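# Overview (structure and organization)
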Amino acid sequence: MRYAETGYDLEIDLSRGSIERVETDPRDTELYLGGVGTNAKILWERVPPEVEPFSPDNLLIFSAGLLCGTPAPGCNRTIVSTISPQTLLMAFSMMGGFFATELKFAGYDKIIIRGKSPDLVYLWINDDKVEIRDAGHLRGKGTLETEELIKEELKEPKAKVATIGLAGENRGYFASIQEGKASVSRGGIGGVMGDKGLKAIAVRGTKDIHIARPDEFMELCNEVLKYMDHRLKNPIDKGVPTSILATLGIQEFAETPDEEWHLGMFAWGHSRYRRKDVWTKEIQEKWKQTHEKLLERSISCFNCPVKCGGLVSHPELERKSMLKCSQHVRYIVAAETDNPDFGYKMACLSDEYGVDGFTAPLVIAFALELYENGILTDDDFPGMPSDNEGRFYWLLERIVRREGIGDVLANGTYWAARQIGRGAEAFDHNTIKKHEQAPLKLSMLNPLYYLMYCTGEKINITQIEGQFPQGPLETREEREEFLKDWIQVPNERIKEYFLNWEPFSFPYNPSVQACCEIVDWMEAMHYIDDTLGICASVSSFAMKPPYHIHNLPHIISAATGLDIDDAELWEIARRNRNLVRANNVRRGMRRKDEKVPENHWKKRFPELEKELLDTYYKFKGWNNQGIPTKGSLQELGLDYVFEDFENRGINSENGNR
């Protein structure tokens, strides 16, 4: 019997119309656990670098994390992987909600989709009964409307439906996938789903998930719940930049919204300038009134006590949507408006259209900056309103429909700049690996974040940062107090680095070596979450979280019967991390791609930055181009990766290839 997992994947070939239930190898669970790890292995084996994102041979993988469907609190993430049309690299984006657990209850750990359907279709998975059904009547429908119509058609209100909107149907490079009130937003995965002719996946499951040592497992889960309750009732008042991050989850939808940090730190317009004084008493009251008018209630994902999503009902829109992760604020700062109603409405429209609410505001602001500088003209924007808010609504419509200039902008800032030409490339100043980043403009270089931005392959800073404070506490006494209950730290060295971290000591303190160790720890925890299906907001992204490197091995062991310890879990995280990098190295990623936007920090230190990257590469077991070396690959049991590198002429020792 398989524990925690079902032991079966669902293989769908849309070109042939075939459906196959495939038993998986338990050895892969031992080596990679699940989620992003086993996704990376499947892509490595079955999607060679010659395969383009919009090829029938590209795979689209929906994977439930290993602990999804079990009683482990906050374990509900679906990890969706493919080759991204935006970055041309391996994409792995997460969504919460209820899809992953329903998939496990239906008897599957993954859905692996290849090929292209000649007609628009959707999948209906009802335990052992799996169908490919016609979706022609759903063409052009929004994500939330599609979900409603499919549930009505199936007469199954409890089905969980992951669907694309107009942006996905039109193969937008930053199209998302929406499931209920959750979404897979980053990397243009919705565009791959649209290219395959797949409108939606509906799932209903009624089976059980088995636990190896249920009594022990439940005791550990209860300990996690108890600690969650403690953290929710006792916010951290030191080491966090904003009250939004002081507890678990992203508490943007509490009784009184606090967006002072976001509005003051996010760069306005096309990530050009900051307005530090924007959060006035008048603006705060305006936000409070809008918040109270539009927010129906706070909601959570499957089996999670943290209600960090806001269910919003906008009077101008037919359906309710869930706001998350500050996407409404990003529209506000991009459009250079103080109107919260505009941000809420744009965020809700993004969900219905199935478009990434992080990337879309930046792309629209980029287009308007080109217009203001004469690179784009009135001929490119026929009939566009004169006010900024009106322009954002107008451009969003054209992007998701790929109409006019929207056809170019739907490819994202990097690609649009190069298609437009005439100097537009110079305005592509906020992307990393062709992917739009959080719109920040800060003062002094932060060496920790420099490494996270450069080397992260989820290519999204919020998916790497987390457990280490964003700045030093003022006094040694405060730092000593902070350390007293910091049980999540992997070793005593990290504590020493924090204890000796003095204010105003950036960028040379923490030391280069300390930065490498701290970033490696934060990244490892994210990769562990993404194998297990744990929400980062109760683990790797949170300060002093309930899940950490010391209790997770016990939880995994009790669930699966594998009996792993801290060191073995850390090794699995390293293996998965290197396999993701190997996929991208094979697709051409090198050191030249690992750089932050030139004006992200006002004061830069080129020599230190070079030393940081050199040292971090060596620390990770990579050569000077960021390619994993033969020794590090063999140490992790990834000999097959080195053999492929060697056959392709990729020098993983000291060369530049």
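All of the points below concern the structure found in this document. What you are looking at is a predicted structure, and each value in this text was computed from that prediction instead of being measured. (Residues numbered from 1 in each chain as written. Predicted model: local features only at pLDDT ≥ 70, side-chain atom pairs only at ≥ 80, totals over all residues. Heavy atoms only, no water.)

### Digging into the side chain of K441
Positionally, K441 belongs in the loop between β17 (435-436) and β18 (442-444). Buried within the structure, K441 lacks any salt-bridge partner; its nearest side chain of opposite charge belongs to E369, at an N-O separation of 9.7 Å. Among the polar contacts made by the side chain of K441, one reaches the main-chain carbonyl oxygen of S271 at a distance of 3.2 Å. (Helix = DSSP H or I, 4+ residues; strand = E, 2+ residues; numbered from the N terminus. Buried < 20%, exposed > 50% of the residue type's maximum accessible area, 1.4 Å probe, protein only. Lys, Arg positive; Asp, Glu negative; His and termini not counted. Salt bridge = Lys/Arg side-chain N within 4 Å of Asp/Glu carboxyl O. Polar contact = N/O pair within 3.5 Å; in protein donor to acceptor, adjacent residues only side chain to side chain.)

### Description of the pairing of strand β12 (residues 198-204)
Taken across its seven residues, β12 has seven buried, putting it largely inside the fold. Judged from the four bridges that link them, strand β9 (residues 160-163) and β12 form a sheet pairing that is antiparallel. Bridge pairing in β12 links K160 to V203. (Pairing = 2+ DSSP bridges.)

### A closer look at the pattern of salt bridges
Taken as a whole and judged by the stated rule, the model has 58 salt bridges. The salt bridge partner of R2 is E5, with a shortest N-O separation of 2.9 Å. Taken as a pair, R2 and E5 share a single burial class, namely buried. A salt bridge links E523 to K620, with the nearest nitrogen and oxygen atoms 2.8 Å apart. Residue E523 is found in helix α19 (residues 512-532), and its partner K620 is found in helix α22 (residues 606-620); the two are separated by 97 residues along the sequence. For E523, a relative accessible area of 4% corresponds to the buried category. Look at K620 and you get buried, because its relative accessible area is 10%. Put simply, K433, E457, D520, E523, R577, R581, E594 and K620 are held in one network by salt bridges that share partners.

### What to know about the nonpolar core
Counting residues in each nonpolar core, the largest one holds 136 residues, and the members touching the most others are F392, L395, L396, F468 and Y547. Examining the composition of this core, we find that twelve residues originate from one element, α19, more than from any other. Beyond its immediate stretch of four places on either side in the chain, L396 contacts Y331, M346, L349, Y353, V355, A360 and I364. Counting 29 residues, the second-largest nonpolar core is a separate cluster that includes I61, M94, A582 and L638. (Core = buried A, V, L, I, M, F, W, Y, C linked by side-chain atoms within 4.5 Å. Contact = heavy atoms within 4.5 Å.)

### Some details on the pairing of strand β14 (residues 309-312)
By the alternation rule, side chains of β14 split into G309 and L311 and G310 and V312, which are all buried. Relative to β14, strand β13 (residues 295-299) runs antiparallel, the two sharing four bridges. Counted as the bridge partner of I299 is G309 from β14. In this sheet, strand β15 (residues 321-323) lies alongside β14 in antiparallel orientation, the contact comprising three bridges.

### A word on helix α13 (residues 388-401)
Compared with the 20 Å implied by 1.5 Å per residue over 14 residues, the 20 Å span of α13 between its first and last C-alpha is a close match. By the burial criterion, the buried members of α13 are G390, R391, F392, W394, L395, L396, I399 and V400. Buried residues in α13 make contact with α5 (166-169), α10 (327-335), α11 (340-353), α12 (359-372) and α14 (406-409). Positive phi shows up at R402, right after α13, with a value of about 55°. (Expected span 1.5 Å × (residues − 1).)

### A look at helix α16 (residues 447-455)
Buried residues dominate α16, accounting for nine of its nine residues. The complete set of buried residues in α16 reads P447, L448, Y449, Y450, L451, M452, Y453, C454 and T455. Buried residues along α16 sit against β16 (431-432), α19, α21 (566-586), β19 (601-603) and α22. You can read the cap of α16 off the contacts: a side-chain oxygen lies 3.0 Å from the backbone nitrogen of L448, and it is on N446.

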